[in-house]
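Residues per chain are reported as follows:
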Amino acid sequence: MSVYAVALKDPAAPPLAAAGFLAGTGEYSKDSAREYLRRQPGFLGRRLTLEAAVGLRAQAASAGLETMLLDEAAIPVPPPLSPVKIELKGTGFYFTAAAAVEFVPYEAVTVLAAGAYDAPVEPLNLAALKASVFMKIRDSVLGTPEMSTAARAPLETFFRADIVAGEDRLRLLLEPEKLDFSPLGAERGQASLANFRTLLGKLAAPAFGAAKNAFLRAFLAGEPLAPLKLASPEACDLELARLLAAR
């Protein structure tokens, strides 16, 4: 049996835009609505029957929200390529991935989205890895979830951007720590995140026909990003799926 999702249609809607609406349905508190939307950005409901999805859309419309009704089977996003270099050239850019170099014209870009999430920092050496494994075993034996390894592990903010282009939906996943920014030339600085912003700004301006999300706009404008962070890389993938569905 088919199941459905209801999602906001506006690609630039902030992830928490529907928090007030969800809290007003009685299904969520204010805090749980925000947590849900960090995991399911832009989605008002998932895995619903058709009747429930239609009813939720009607409620959203009454609250002034424009939504899409999606078949859950159509939500997955294309698998990504991970470029190590982006070089801007005239009417488009070249990307280098898996030892291949290909050209993408700006007019072919349909989605340009950015995002960030917090995750534990991976152990840097074998000793740290052994300590992490030991603590996980100890926690499982002693049953001390409040002292779990995940809770003790320092968190780091990870940034990323997705570019989708062409009818075959070529998807490029850009991660600043994996990119060679030398093509920026004199505009390249010491900080990879500043270089990442410069690169995305140069890609966004000529790709004027692409759908762009709220995080990208805020990142390029130097606005606060904390309210736009998502829960995980999977949540970033889900937001990309929503943007693709809105095209």
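In this text, all values refer to a predicted model and were calculated from it rather than measured experimentally.

Caption draft 1: The arrangement of the nonpolar core in detail. Residues F93, L174, F196, L200 and L203 are the most contacted members of the largest nonpolar core, which totals 33 residues. Mapped onto this core, the elements with two or more residues apiece are β5 (92-97), β7 (109-120), β8 (155-165), β9 (170-174), α6 (192-204) and α7 (214-221). When residues no more than four places from it in sequence are discounted, the contact partners of L200 are A114, A161, L174, L216, F219 and L220. Counting 25 residues, the second largest nonpolar core, distinct from the first, contains A13, F21, L70 and A241.

Caption draft 2: View of the pairing of strand β1 (residues 4-8). Most of β1 is tucked away, with five of its five residues classed as buried. Taking every second residue as pointing to the same face, both faces of β1 are buried, with Y4, V6 and L8 on one and A5 and A7 on the other. Sheet analysis places β1 next to strand β2 (residues 43-48), joined by three bridges and oriented antiparallel. Among the inter-strand pairings, V6 is bridged to a residue of β2, identified as G45. The pairing of β1 with strand β3 (residues 67-71) spans five bridges and is classified as antiparallel. Following the sheet pairing, L8 is matched in β3 by T67.

Caption draft 3: Main features of unusual backbone geometry. Notably, R47 is not glycine yet its phi reads approximately 55°, a positive angle. Here R47 lies in strand β2. A positive phi is found at A98, a non-glycine position, where the angle reads about 50°. Take A98: its relative accessible area is 76%, and that puts it in the exposed class.

Caption draft 4: Structural view of the packing of aromatic side chains. Counted according to the given criterion, the structure contains eight aromatic pairs. Relative to Y36, the ring of Y28 has its centre 5.2 Å away and its plane inclined at 45°; by these criteria the two rings are tilted. By relative accessible area, which is 9% here, Y36 ends up buried. Through successive ring pairs, a cluster of aromatic residues spans F159, F196, F215 and F219.

About the criteria used
- Residues numbered from 1 in each chain as written.
- Predicted model: local features only at pLDDT ≥ 70, side-chain atom pairs only at ≥ 80, totals over all residues.
- Heavy atoms only, no water.
- Core = buried A, V, L, I, M, F, W, Y, C linked by side-chain atoms within 4.5 Å.
- Buried < 20%, exposed > 50% of the residue type's maximum accessible area, 1.4 Å probe, protein only.
- Helix = DSSP H or I, 4+ residues; strand = E, 2+ residues; numbered from the N terminus.
- Contact = heavy atoms within 4.5 Å.
- Pairing = 2+ DSSP bridges.
- Phe/Tyr/Trp six-rings, centres within 6.5 Å; stacked < 30°, edge-to-face > 60°.

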